[in-house]
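# Secondary and tertiary structure notes
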Amino acid sequence: MLPGVGVFGTGSTARVLVPLLKAEGFDIHALWGRSEEEARCLAKELGIPFHTSRSDDVLLHQDVDLVCIYIPPSMTRQIAVKALGIGKNVVCEKAATAVDSFKMVTAARYYPQLLSIMGNTLRFLPAFVAMRQLLVEGYVGEIQVCDVRVYGPSLLDQSYGWTCEELMGGGGLHTVGSAIIDLLSYLTGARAQRVHGLLRTFVQQNGLIRGIRRVTSDDFCFFQMLMGGTVSSSGGVCCTVTLNFNMPGSFLHEVMVVGSSGRLVVRGTELYGQRNGSKGEELLLGDSGWTGPEVREMPLPHLQGLSAMVKSLRQSFQSHEERRSWERGPVAMAPTFEDGLYVQTVVEAVKRSSCSGEWECVEIMSQEPDPNHNLCEALQRNKN
């Protein structure tokens, strides 16, 4: 029996997610929006029987057992932690800070019987699933270098909002780079130990965002990661990532892994490979074609990955009579909340590096920082 679903969000991801869930047999019982009007309009458009702007109305809905959270990062932690506490399974996007991510990890550890996964859909894209399998089998030999390029149009909304604010989780590094950081860890089986990065905001105002308001989120980001030993590498892996969102009308998504025996590269949704000594690349996995709706705001790799993730969710739940029960196998490749904490830690290290100009270590927090730490230090200094 499939669980009833409650969806948080009215953006492009929610608009695509709801039809995909319905196509796999899920019933969508409730929709949350930041305003009653937003929620009402989308609920009517997608045929969802209940809408609200009050989060508790969705979380306490008796027919909702799975909560999908696709809202601004600054709000994610609050909803995800509360949902787990009430006994709901959770699929959600990234949080805004490492502290928020740590609180989500704590909640997930406290309720291990509940599903709690991050919604990085690139892990589910067939091309990356096949790439990872070939890497494990040794297609490229010892992994040496990963090179990623993502170019596209602006990520800003039509009006001033969270996408414009770096502190609220806006910008290319947080929005797109976090998915790439997670993907590289998934592909190589390693995690970043040190990072070096550069962030820039080239478009600080435009025709819709002007006056006293300025964009603080990055539209260009370049960073390097030195990663620990992998399943096919006795040493480390050097990763370079370039994100440029100043290219209207174009889109490039390329992930290349180079090793001692060859290379693999995913361009868009297709996988190519070339062994050392061969004359050229060969197509290893072509584009299977997308029959769903085209969404301008969501690139095809993420769109097809989202569809594959929803199929995996159905397989995870369908074999159980209890609506909240699930099976780990079909969603084993999904990133956990622990993976989300790692990704957010890397993101913040890259931001520190951009400010300092130095290489920064990636140190994952093991306990929540004391919110009164700075105050206590100040009081201690005054006492002395």
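Residues numbered from 1 in each chain as written. Predicted model: local features only at pLDDT ≥ 70, side-chain atom pairs only at ≥ 80, totals over all residues. Heavy atoms only, no water.

Per an unreviewed UniProt entry, the chain goes by the name Glucose-fructose oxidoreductase domain-containing protein 2 and belongs to Labrus bergylta. Quoted verbatim from the Function (unreviewed entry) field of UniProt, the annotation for the chain is "Promotes matrix assembly." In UniProt, the chain has this text filed under Sequence similarities (unreviewed entry): "Belongs to the Gfo/Idh/MocA family." (UniProt positions renumbered as here; feature names shortened; annotations may be inferred.)

### Some details on the side chain of S185
Considering the arrangement of structural elements, one finds S185 in helix 7 (residues 172–188). Looking at S185, the relative accessible area reads 11%, which means it is buried. Leaving out residues up to four positions away in the same chain, S185 has contacts with A190, R191, M227 and Y342. (Helix = DSSP H or I, 4+ residues; strand = E, 2+ residues; numbered from the N terminus. Buried < 20%, exposed > 50% of the residue type's maximum accessible area, 1.4 Å probe, protein only. Contact = heavy atoms within 4.5 Å.)

### Details of the UniProt feature "domain: Gfo/Idh/MocA-like oxidoreductase N-terminal" (unreviewed entry) in the chain
In the UniProt entry, the feature "domain: Gfo/Idh/MocA-like oxidoreductase N-terminal" (unreviewed entry) is given for residues 5–111. Taken as a whole, residues 5–111 contains 51% helix and 18% strand, while its terminal C-alpha atoms sit 19 Å from one another.

### Remarks on the sheet that holds strand 2 (residues 28–32)
Across the sheet, six strands lie side by side as 3-2-1-4-5-6; this open sheet has parallel pairing. Among the strands making up the open sheet, the edge pair consists of strand 3 (51–52) and strand 6 (116–118). Here strand 1 (residues 5–8) pairs with strand 4 (residues 66–69) via four bridges, running parallel. Each residue of the ladder has a partner; that of V7, found in strand 4, is C68. (Pairing = 2+ DSSP bridges.)

### Digging into the nonpolar core
Ranked by internal contacts, the top residues of the largest apolar core, which has 47 residues, are F128, M131, L184, F223, M225 and V346. Counting residues per element, this core draws most heavily on helix 7, which supplies nine residues. Apart from the residues lying within four places of it in its own chain, the contact partners of F223 are L173, I181, H196, G197, C239, T240, V241, L243 and V350. (Core = buried A, V, L, I, M, F, W, Y, C linked by side-chain atoms within 4.5 Å.)

### Remarks on the domain arrangement of the chain
Domains assigned within the chain are domain 1 (4–121 + 300–336) and domain 2 (123–285). Across the boundary between the two partners, domain 1 contributes 21 residues, which contact 18 residues of domain 2. Regarding the contact of domain 1 and domain 2, the summed buried area is about 1,700 Å², with carbon and sulfur atoms giving 67% of it. By the criterion of area lost to domain 2, the three top residues of domain 1 are N120, P301 and M333, representing 36% of everything that side buries. Along the contact surface separating domain 1 from domain 2 lie zero salt bridges. Our count for the contact surface shared by domain 1 and domain 2 stands at seven residue pairs in polar contact (both at pLDDT 80 or more). (Domains from an automatic or database assignment. Buried area = accessible area lost by both parts, 1.4 Å probe. Salt bridge = Lys/Arg side-chain N within 4 Å of Asp/Glu carboxyl O. Polar contact = N/O pair within 3.5 Å; in protein donor to acceptor, adjacent residues only side chain to side chain.)

### Focus on the environment of V81
Relative to the helices and strands, V81 resides in helix 4 (residues 73–86). Under the relative-accessibility criterion, V81 is labelled partly exposed at 28%. Setting aside chain neighbours within four positions, we find V81 in contact with K103, M104 and A107.

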